[in-house]
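Single-letter residue listing:
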Amino acid sequence: MSPTNTVPLRRLMGPRDPHEPHRVATPLELFFDLVFVVAIASAAAQWHHGIAEGHAADLVGFLLAFFAIWWAWMNYTWFASAYDCDDVVYRLLTFVIMTGSLMLAAGIPDLFDDGQSGLVVSGYAVMRLAMVGFWLRAAAGDAAGRATALRYAAGIALVQMFWIGRLLVDDRRWLYATFAIGIILELLVPLFAERGHRTPHHPHHITERYALFTIIVLGEVVLAAVLAVQGALESGVTGDLLAVIVGGLLVVYSLWWIYFKRDHLELFEGPLRHNFVAGYGHFAVFASVAATGAALAAAVDVATHEAHASTRLVGLALAGAIAIYLTVLGVLHAVADGRASSATSALVTAGLVVVAALVGPSIGASVLLIGLVLAAAVAQFVWSGRDLVPALDE
């Protein structure tokens, strides 16, 4: 009989070895990511409807919701890399954060409609206060990192009081202004907490966590596009719809290839400033991938005459999301390499993607042209590196 996995009720939460061999993502972390992608899907669905209806201003709601999702995910991910002790209390606190993300997901439609949602704030509070509990446990178990852990706990708690107090704001202009202030405060907490003592995250583990989350968000893109196509097929297949399907597949496959064409480990094992650039920069990577899925779904709506938005608007929504994805990855590569030229090909491809959206005479043509541009960029990368990879039979 196979042995069971016995999990202790509670153990000392000390720092993990940042050089621990064979450190990989745990089943709990993978489950955590799958739950969080539900919130991402909720935000992307609202942005899909905003694009299809021509409500470009809904982009603000998408970015606000995505920041809350991404920030909670990132804080837990980096903490787990440093302090995952896998006891019962740790697992239960993780489940609390997951529950908070589902609460947030349920409130996202209200956030888009009114610019404010008590359910979103409540879900975010659940996630963030659970992180306070995590950091207090770390403070009790890590003497060397106690001051850092306590600064994290205090900073998160204080900022959370700001978010709860913000529920009293009604004016939409002040809602956006106070949200911007809240974002700044959130981003400052790690800068404040990490002074003097660096949290011992595991570079290989963090790199894998970001890569896996990229794959999961890409999976959400595929699901959103397939659901849109399923609905469209009820009205019959047109040439424009087929072009959107083919172009959409080229886009998704190319985005995966472009992300994994190189290892991002150097960004997470380098200086602390590189860690911050990579960690924060992935907000744009994840958000742009999710926005790509929303734009592809809206493109299906346009191809089947179910949308009120123009071909140009939807094409630019898709091209803009992809251009941001390419640009940010190019900048991250340039930071890792220490030379600006590493971003050149990404910037050129981003520009060509926008041009493709502008010159396409129909939504199908625009999506297909964008897909072909990305596929050509992948082919160029493969061709240019063919002499660097030995043949299998050599």
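Residues numbered from 1 in each chain as written. Predicted model: local features only at pLDDT ≥ 70, side-chain atom pairs only at ≥ 80, totals over all residues. Heavy atoms only, no water.

We now examine the overall build of the chain. Scanning the chain for helices and strands turns up 13 helices and zero strands. Expressed along its principal axes, the backbone C-alpha trace of the chain runs to roughly 65 × 65 × 50 Å. Expressed as a percentage of the 394 residues in the chain, the buried residues total 52%. Considering only contacts in the chain between residues 6 or more positions apart, those separated by 24 or more positions represent 81%. Total accessible area on the chain stands at roughly 17,400 Å², and carbon and sulfur atoms take up 69% of it. (Helix = DSSP H or I, 4+ residues; strand = E, 2+ residues; numbered from the N terminus. Buried < 20%, exposed > 50% of the residue type's maximum accessible area, 1.4 Å probe, protein only. Contact = heavy atoms within 4.5 Å. Areas by Shrake-Rupley, 256 points an atom, 1.4 Å probe, with all protein chains shown as cover.)

It is worth spelling out the pattern of salt bridges at this point. Scanning the entire structure with this criterion turns up seven salt bridges. Glu20 serves as the salt-bridge partner of Arg16, at 3.0 Å between the closest nitrogen and oxygen. A relative accessible area of 24% places Glu20 in the partly exposed class. Linking Arg128 and Glu186 is a salt bridge whose minimum nitrogen-to-oxygen distance equals 3.4 Å. Of this pair, Arg128 sits in helix 4 (residues 118–141) while Glu186 sits in helix 6 (residues 172–193), placing them 58 residues apart in sequence. Accessibility classification places Arg128 together with Glu186 in one group, the buried group. (Salt bridge = Lys/Arg side-chain N within 4 Å of Asp/Glu carboxyl O.)

Moving on to the confidence of the model for the chain. Within the chain, residue pLDDT values average 90, and 97% of them lie at 70 or more. Scored below 50 in pLDDT, residues 387–394 shows zero contacts in the model against residues more than four places distant or in partner chains. (pLDDT = per-residue confidence, 0-100.)

Okay, the packing of aromatic side chains next. Per the stated rule, a full pass over the model turns up 36 aromatic pairs. Ring plane angle 70 degrees and centroid distance 4.9 Å describe the contact between Tyr259 and Phe260, whose orientation is recorded as edge-to-face. Here the aromatic cluster, defined as three or more aromatic residues joined through ring pairs, consists of Phe32, Phe36, Tyr76, Phe79, Tyr83, Tyr90, Phe134, Trp135 and Tyr152. (Phe/Tyr/Trp six-rings, centres within 6.5 Å; stacked < 30°, edge-to-face > 60°.)

At a closest axis distance of 6 Å, the pairing of helix 3 (residues 88–114) and helix 4 adopts a crossing angle of 160 degrees. As judged from the angle between their axes, helix 3 and helix 4 are roughly antiparallel. Crossing of helix 3 against helix 4: the hand is left-handed. (Axes fitted to C-alpha atoms, helices over the stretch in contact; angles between N-to-C directions. Parallel < 35°, antiparallel > 145°, perpendicular 65-115°, else oblique. Left-handed = near helix turned anticlockwise from the far one by under 90°.)

Here we take up the side chain of Asp142. Checked against the element boundaries, Asp142 lands in the loop between helix 4 and helix 5 (146–165). The side chain of Asp142 is buried and forms no salt bridge, while Arg146, the nearest opposite charge, is found at 7.3 Å. Of note is the side chain of Asp142, whose polar atom sits 2.7 Å from the side chain of Tyr83. A polar contact is formed between the side chain of Asp142 and the backbone nitrogen of Gly145, at a distance of 3.2 Å. (Lys, Arg positive; Asp, Glu negative; His and termini not counted. Polar contact = N/O pair within 3.5 Å; in protein donor to acceptor, adjacent residues only side chain to side chain.)

A few words on the environment of Ala43. One can find Ala43 in helix 1 (residues 27–52). With relative accessibility at 0%, the residue Ala43 sits in the buried group. Each C-alpha atom, one on Ala43 and one on Ala291, is 9.1 Å from the other, the two residues being 248 residues apart in sequence. Not counting chain neighbours up to four residues away, the residues in contact with Ala43 comprise Phe62, Ala65, Ile69, Ile108 and Phe112.

This next bit is on the nonpolar core. Formed by 120 residues in total, the largest nonpolar core has its most connected members in Trp135 and Ile370. Considering every element that reaches this core, the biggest residue donor is helix 2 (residues 58–83), with 18 residues. Beyond its immediate chain neighbours, meaning those up to four positions away, Ile370 contacts Val251, Gly315, Leu318, Ala319, Ile322, Val353, Ala356 and Ala357. (Core = buried A, V, L, I, M, F, W, Y, C linked by side-chain atoms within 4.5 Å.)

There is a patch of nonpolar side chains on the surface, built from Leu316, Val355, Leu358, Val359, Leu369 and Leu372 and spanning about 460 Å² of accessible area. Counting only elements with at least two residues in the nonpolar patch, the list comes to helix 12 (344–359) and helix 13 (363–384). Looking at the nonpolar patch element by element, the count peaks at three residues for helix 12. Along the chain, the position of Leu316 falls in helix 11 (residues 311–337). (Patch = residues over 30% accessible without salt bridge, like charges linked within 9 Å, V, L, I, M, F, W, Y side chains within 5 Å.)

With that settled, the discussion passes to the packing of helix 8 (residues 239–259) against helix 11. Two elements in contact, helix 8 and helix 11, have axes separated by 11 Å at closest approach and are oriented at 10 degrees. Between helix 8 and helix 11, the angle falls in the class roughly parallel. Where helix 8 abuts helix 11, its residues Val251, Leu255, Ile258 and Tyr259 lie against Ile322, Tyr325, Leu326 and Leu329. Its residues assigned to classes, the contact of helix 8 with helix 11 comprises eight nonpolar, no polar and no charged. (Nonpolar A, V, L, I, M, F, W, Y, C, P; charged D, E, K, R; others polar.)

Here the focus is unusual backbone geometry. Even without a glycine there, the phi angle at Asp86 is positive, about 45 degrees. For Asp86, the position within the fold is in the loop between helix 2 and helix 3. Positive phi is not limited to glycine here, since His305 has a value of about 60 degrees. Structurally, His305 can be placed in the loop between helix 10 (272–303) and helix 11.

Relative to the helices and strands, His274 is located in helix 10. Ignoring any residue separated from it by four or fewer positions in sequence, one finds His274 in contact with Leu267 and Val335.

Looking now at helix 6. In this model, helix 6 (22 residues) spans 32 Å end to end at C-alpha, consistent with the 32 Å of a helix rising 1.5 Å per residue. Buried residues of helix 6: Leu175, Thr178, Phe179, Gly182, Glu186, Val189, Pro190 and Ala193, and no others. Tucked inside the fold, the buried residues of helix 6 contact helix 2, helix 3, helix 4, helix 5 and helix 10. (Expected span 1.5 Å × (residues − 1).)

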